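Reading the structure
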Amino acid sequence: MGAPWLHASPGGLDPDAVACAGASPEGGPLEATQRDGAPPAVAPPGDAPSPGGGDGAEASDGAEGRDGAEASDGAEGRDGGDGRDGGDGRDGAEVSDGAAARLVAQLARAERERERAAGELRALFRAIPDLCFRLDGELRIADCNEPRLCELDVAPEALVGKRMAEVLPGDLGERMERAIVEARQGGAVVALEHALAAAGGERHVEARVVPFLDGHALVLLRDITERRRTEEVLRQREERSRESQKMEALGRLAGGIAHDFNNMLMVMLGYGELLLRRLGPESALRRDALQITKAGERAAALTRQLLAMSRRKALQREVLDINAVVLDMQAMLQRLIGENIDLQTSVGRDLGSIKVDKSQLEQVLLNLVVNARDAMPRGGRLVVETSLGEPGASPTARSFAPAERDEGAAPAAGGPPYVVLSVTDSGHGMEQDTLSHLFEPFFTTKARGKGTGLGLATVYGIVSQSGGLIEVESEVGRGATFRVYFPRVEDRSSEAAPPRARPSPAGGDETVLVVEDDDAVRKLIVEVLERRGYGVISAASAEEALDALAHEGVDEMDLLLTDLVMPGMNGRELAERALAMHPRARVLYMSGYAEDVLAGAERDGELTMLQKPFTPDALAQCVRDLLDRR
């Protein structure tokens, strides 16, 4: 039986089998015969090899002389019978046939393993989620993963043999050509990103060039548009968070200053009013005293703006219709902006209600309109409108939101959750740098002496404290739009309004416990109340007040008048403990700012707040009204 026509490297094969078949692992007769194109000859059993003698050739004396065959003297002399070594003399042939068979089997297994490995590699190439191209030494496409070619809208066979610049759109192909050359020369991976114009908007592509073998390269393309969009959203959120934290820090500083100023202003205004009462209408000093009190009132208005900006002012929230507020202010706004500006008002329908402090909402609208007016010194058009909507609808708008939202300002379910108040002007617009500082206190682009820089900061504070947010959209030369988003709440307009204070005497004989940590303010309050006939007990702290109630034999306390924010125990905690001893007493809080000690307390209809600075008459009226409710 002859061996098959083979040609394979003996690596990984059985060396003994190869040697027995007439070849060596390093290449021998088998390999040479294969290269010559002639099959190797294997003698069949009983046949003699080619003439010329050699091992197993005829004897020199005319006898057959075969190895293990006839004797040299003409006698057969066969060893073991017929003169053949160990049998009939076919062992060499049988050994040669077995080695060849093993060689064939091993080569077949090697071929199957090669095909399997090639198939796995091909499947792996197809499974890569990116768009892949394999380039040959001439930088032409040798292969690509067809399942991803739908992104290029071409057939795989149409790409083979082409260069990247012929396949990829725009200048991406040219950039890839340069990157491929760079990767080959440097022997390292080269990465790049590219933006492509598409029908649905700009798309971003990430590309990597990986050199391998001798001058070949692998190109991987990945669409990272969604990743870039997600990163942009995260970047904007981080920017808003930093902006909110900055505003919070500035607000705390401004709020602390305003609180201290309120105490001083209250003393000045209080004693100024007492002085005016002592001076007759014709007194030469009365005019001077009036100027002092007017200056104090202007300073008080400034501190109120600081408190609103810093979200430290106690708000009196109520459920109301934003359209009613806008329409009520329309005539006043027209007078405010002048005749050279065309004011247009548009109110939406079925907006629902919002829960805000009405006076603060009016302040927001007033400040935005004034800001728009100042942006149009030569006149223009100003549009105030209300609608329903959600933040983020405009991709070019910049959002300003507090870092922490008010838990009590959750939007109602069903429909757009926000009621939007928009103010749009046709003024000169703003640059991006101006937008980044827009709501910072004391920041202004107006001329010196034309503004305090607190108008928009006040808007930010009020909106944030009301659980809303602000979006600003502006371009230089194209005006600006401010959108204020207030959480929409269920319509509860049928709720009974809080009772108004009825006219009452300015004085009385009840007992009032006054707790105030500022000495000057406490002395002023005590003097005002004592002049109206009240019995007054004063304390500089909550602990001192509780000690007075427990050990000084106070039989009856009709009213607790306490500062809300004090060192140590605050006003609410003091009220809880004082009412445990005198349950029929009423409580009147006073404060320059409320911070968070009134969180959730606004739902309590019995809670009454007196905002500093207040006048002696306002104090006396509030005390009398509260006592008359008992």
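Residues numbered from 1 in each chain as written. Predicted model: local features only at pLDDT ≥ 70, side-chain atom pairs only at ≥ 80, totals over all residues. Heavy atoms only, no water.

Our next topic: the packing of aromatic side chains. Scanning the model with the defined rule gives one aromatic pair in all. A ring pair is formed by tyrosine 418 and tyrosine 485, whose centres lie 6.0 Å apart and whose planes are at 90°; its orientation type is edge-to-face. Here the residue tyrosine 418 occupies a position in strand β11 (residues 418-425), and tyrosine 485 occupies one in strand β13 (residues 480-489), the gap between them amounting to 67 residues. Accessibility assignment for this pair places tyrosine 418 and tyrosine 485 in one class, buried. (Phe/Tyr/Trp six-rings, centres within 6.5 Å; stacked < 30°, edge-to-face > 60°. Helix = DSSP H or I, 4+ residues; strand = E, 2+ residues; numbered from the N terminus. Buried < 20%, exposed > 50% of the residue type's maximum accessible area, 1.4 Å probe, protein only.)

Its 13 residues give helix α15 (residues 616-628) an end-to-end C-alpha distance of 18 Å, which sits within 8% of 18 Å, the value for a rise of 1.5 Å per residue. Pro616, Leu619, Ala620, Cys622, Val623, Arg624, Asp625, Leu626 and Leu627 are the residues of α15 that are buried. (Expected span 1.5 Å × (residues − 1).)

Let us now look at the sheet that holds strand β5 (residues 216-223). Reading across the sheet, the five strands line up as β2-β1-β5-β4-β3 and stay open at both edges, with antiparallel pairing between neighbours. Of all strands in the sheet, those bounded by a partner on one side alone are β2 (141-144) and β3 (190-196). Within the sheet, the average angular offset between the axes of one strand and its neighbour, ignoring direction, is 20°. (Pairing = 2+ DSSP bridges. Axes fitted to C-alpha atoms, helices over the stretch in contact; angles between N-to-C directions.)

A word on the sheet that holds strand β14 (residues 511-515). The strand order β15-β14-β16-β17-β18 describes an open sheet built from five strands, whose pairing is parallel. Both edges of this open sheet fall to β15 (535-539) and β18 (609-611), since each of them pairs with a single strand only. Across this sheet, the average inter-strand angle for adjacent strands is 20°, counted without regard to direction. Inspection of the sheet shows strand β17 (residues 586-591) paired to β18 by three bridges, in the parallel sense. Paired with serine 591 across the bridge in β18 is glutamine 611. Contacts from α15 reach β16 (559-563), β17 and β18 within the one sheet, and its direction differs from that of β17 by about 155°. (Contact = heavy atoms within 4.5 Å.)

Moving on to the confidence of the model for the protein chain. Taken over all residues, the pLDDT of the protein chain has a mean of 75, while the share at 70 or more is 70%. For the protein chain, the element scoring lowest by mean pLDDT is helix α2 (residues 29-36), at 37; β11 scores highest, at 94. Counting contacts from residues 1-87, a segment whose pLDDT is below 50, to residues more than four positions away or on other chains yields 94 contacts. Note that pLDDT drops below 50 for residues 403-414; the model gives that stretch 22 contacts with residues more than four away or on any other chain. (pLDDT = per-residue confidence, 0-100.)

Below, the discussion takes up a nonpolar patch on the surface. Nonpolar side chains collect at one region of the surface, where Leu253, Ile257, Phe261, Met264 and Met268 lie side by side and expose about 490 Å² of accessible area between them. Within the secondary structure, isoleucine 257 is located in helix α6 (residues 225-278). (Patch = residues over 30% accessible without salt bridge, like charges linked within 9 Å, V, L, I, M, F, W, Y side chains within 5 Å. Areas by Shrake-Rupley, 256 points an atom, 1.4 Å probe, with all protein chains shown as cover. Salt bridge = Lys/Arg side-chain N within 4 Å of Asp/Glu carboxyl O.)

Before going further, it helps to spend a moment on the pattern of salt bridges. Taken as a whole and judged by the stated rule, the model has 27 salt bridges. A salt bridge links glutamate 231 to arginine 227, with the shortest nitrogen-to-oxygen separation between them at 3.9 Å. Here arginine 227 and glutamate 231 lie together in helix α6, a separation of four residues that amounts to about one turn. Exposure remark for glutamate 231: the relative accessible area of 36% places this residue in the partly exposed category. By relative accessible area, which is 34% here, arginine 227 ends up partly exposed. Put simply, arginine 483 and glutamate 471 hold a salt bridge, and the shortest N to O gap is 4.0 Å. Taken as a pair, arginine 483 in strand β13 and glutamate 471 in strand β12 (residues 469-474) lie far apart in primary sequence, 12 residues in all. Each of Glu193, Glu206, Arg227, Arg228 and Glu231 takes part in one network of salt bridges that share partners.

We now examine the packing of helix α9 (residues 358-374) against helix α11 (residues 455-465). Relative orientation of the contacting elements α9 and α11 amounts to 145°, with a least axis distance of 9 Å. The interaxial crossing formed by α9 with α11 has left-handed handedness. Residue-level inspection shows Gln360, Gln363, Val364, Asn367, Leu368 and Asn371 of α9 in contact with α11, the latter providing Gly455, Leu456, Thr458, Val459, Ile462 and Val463. Taken together, the residues that form the contact of α9 with α11 break down as six nonpolar, six polar and no charged. (Left-handed = near helix turned anticlockwise from the far one by under 90°. Nonpolar A, V, L, I, M, F, W, Y, C, P; charged D, E, K, R; others polar.)

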